[in-house]
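# Descriptive analysis of the structure
Chain residues, written in single-letter form:
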Amino acid sequence: MRIGHGFDAHPLAAGRPCVLGGVTIPSDAGPVGHSDGDVVLHALAGALLGAAAAGDLGSVFGTDRPEWKSAAGEALVRHVRELTDHPEIGNVDVTILAARPPIAEHREAMRASIAALLGTSVDRVSVKASSGNGLTDFGRGVGVAATVLVLVAGVAAE
């Protein structure tokens, strides 16, 4: 068994689609990034890379790699799953840091999306959120971030 931790953050901009955990959320602003800005799936990809000691998002999907420009977070996670030999998922624990958009009504859809992407059951995926009570730019609605912990077995470690 191995544990991986991932983190990603992006600023929010008006008129951008807001995709979190593979779910499009109605919002007046969405994350800005080299790819789709889905901080949840980017942090998940980072956590899977961490569990395999296989580098980080920048080393695999760097902004100097045009083939990943505007890529969906699902594509990043699928690529990392291939790189790490499709480890068995013990569990996934996601925390989204954001004042906006509201997460609660989309939590179950995100859990289902992540579980399907990883080929595991929904009861192995937790999604929760915190606004940070306005103490950071995430809590003030300027950006969105996510942390992800994964427990995996059968990972192809570097």
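Before any of the text, the structure's been laid out above.
### As for the pattern of salt bridges
Opposite charge on two side chains allows them to pair when their charged atoms are near. Applying the stated criterion to the full structure yields four salt bridges. Asp 28 is the salt-bridge partner of Arg 100, the closest N and O atoms lying 2.9 Å from each other. Of this pair, Arg 100 sits in the loop between strand 5 (88–97) and helix 4 (107–118) while Asp 28 sits in the loop between strand 3 (23–24) and strand 4 (29–31), placing them 72 residues apart in sequence. Owing to a relative accessible area of 30%, Arg 100 belongs among the partly exposed residues under this scheme. Overall, the relative accessible area of 56% leaves Asp 28 in the exposed class. Residue Asp 137 pairs with Arg 140 through a salt bridge whose shortest N-O separation is 3.1 Å. Residue Asp 137 is classed as partly exposed on the basis of its relative accessible area, which comes to 41%.

### Observations concerning the nonpolar core
By size, the foremost hydrophobic cluster in this structure holds 43 residues, and its most contacted members are Leu 20, Leu 44, Leu 48, Val 92, Ile 96, Ile 114 and Val 150. At the level of secondary structure, the elements contributing two or more residues to this core comprise helix 1 (39–51), helix 2 (57–61), helix 3 (73–83), strand 5, helix 4, strand 6 (125–130) and strand 7 (143–153). With ten residues, helix 1 is the single largest residue contributor to this core. When residues no more than four places from it in sequence are discounted, the contact partners of Ile 114 are Gly 21, Val 40, Leu 41, Leu 44, Val 94, Val 125 and Val 127.

### Description of unusual backbone geometry
Backbone torsion omega between Arg 100 and Pro 101 reads -5°, so that peptide bond is classified as cis. If you check the backbone angles, Asp 85 has positive phi at about 65° while not being a glycine. Counting through the fold element by element, Asp 85 comes out in the loop between helix 3 and strand 5. Residue His 86 is not a glycine yet carries a positive backbone phi of 50°. Mapped onto the secondary structure, His 86 falls in the loop between helix 3 and strand 5. We classify His 86 as partly exposed; its relative accessible area is 48%.

### Here we look at the sheet that holds strand 7
Spatial ordering of the open sheet is given by 4-1-7-5-6, a layout of five strands whose pairing is mixed. Every interior strand has two partners, whereas the edge strands, strand 4 and strand 6, have only one. Between one strand and the next, the sheet's axes are offset by a mean angle of 20°, whatever the strand orientation. Of the strand pairs in this sheet, strand 1 (residues 2–14) and strand 4 are connected by three bridges, and their pairing is antiparallel. Looking at the pairing, Ala 13 lines up with Gly 30 of strand 4. Seen against the sheet, helix 1 touches strand 1, strand 5 and strand 7 and runs at an angle of roughly 155° to strand 1. Relative to strand 6, helix 4 is tilted by about 140°, and along the sheet it contacts strand 5 and strand 6.

### Observations concerning helix 1
Residues lying three or four places apart along an α-helix face the same way, a consequence of the helix completing one turn every 3.6 residues. Its 13 residues place the ends of helix 1 18 Å apart at the C-alpha level, agreeing with the 18 Å of an ideal helix rising 1.5 Å per residue. The buried count for helix 1 comes to twelve of 13 residues, which makes it a mostly enclosed element. Looking at helix 1, one finds that the buried residues are Val 39, Val 40, Leu 41, His 42, Ala 43, Leu 44, Ala 45, Gly 46, Ala 47, Leu 48, Leu 49 and Ala 51. A positive backbone phi angle near 50° is found at Ala 53, which sits one or two residues after helix 1.

Procedures and definitions
- Residues numbered from 1 in each chain as written.
- Predicted model: local features only at pLDDT ≥ 70, side-chain atom pairs only at ≥ 80, totals over all residues.
- Heavy atoms only, no water.
- Salt bridge = Lys/Arg side-chain N within 4 Å of Asp/Glu carboxyl O.
- Helix = DSSP H or I, 4+ residues; strand = E, 2+ residues; numbered from the N terminus.
- Buried < 20%, exposed > 50% of the residue type's maximum accessible area, 1.4 Å probe, protein only.
- Core = buried A, V, L, I, M, F, W, Y, C linked by side-chain atoms within 4.5 Å.
- Contact = heavy atoms within 4.5 Å.
- Pairing = 2+ DSSP bridges.
- Axes fitted to C-alpha atoms, helices over the stretch in contact; angles between N-to-C directions.
- Expected span 1.5 Å × (residues − 1).

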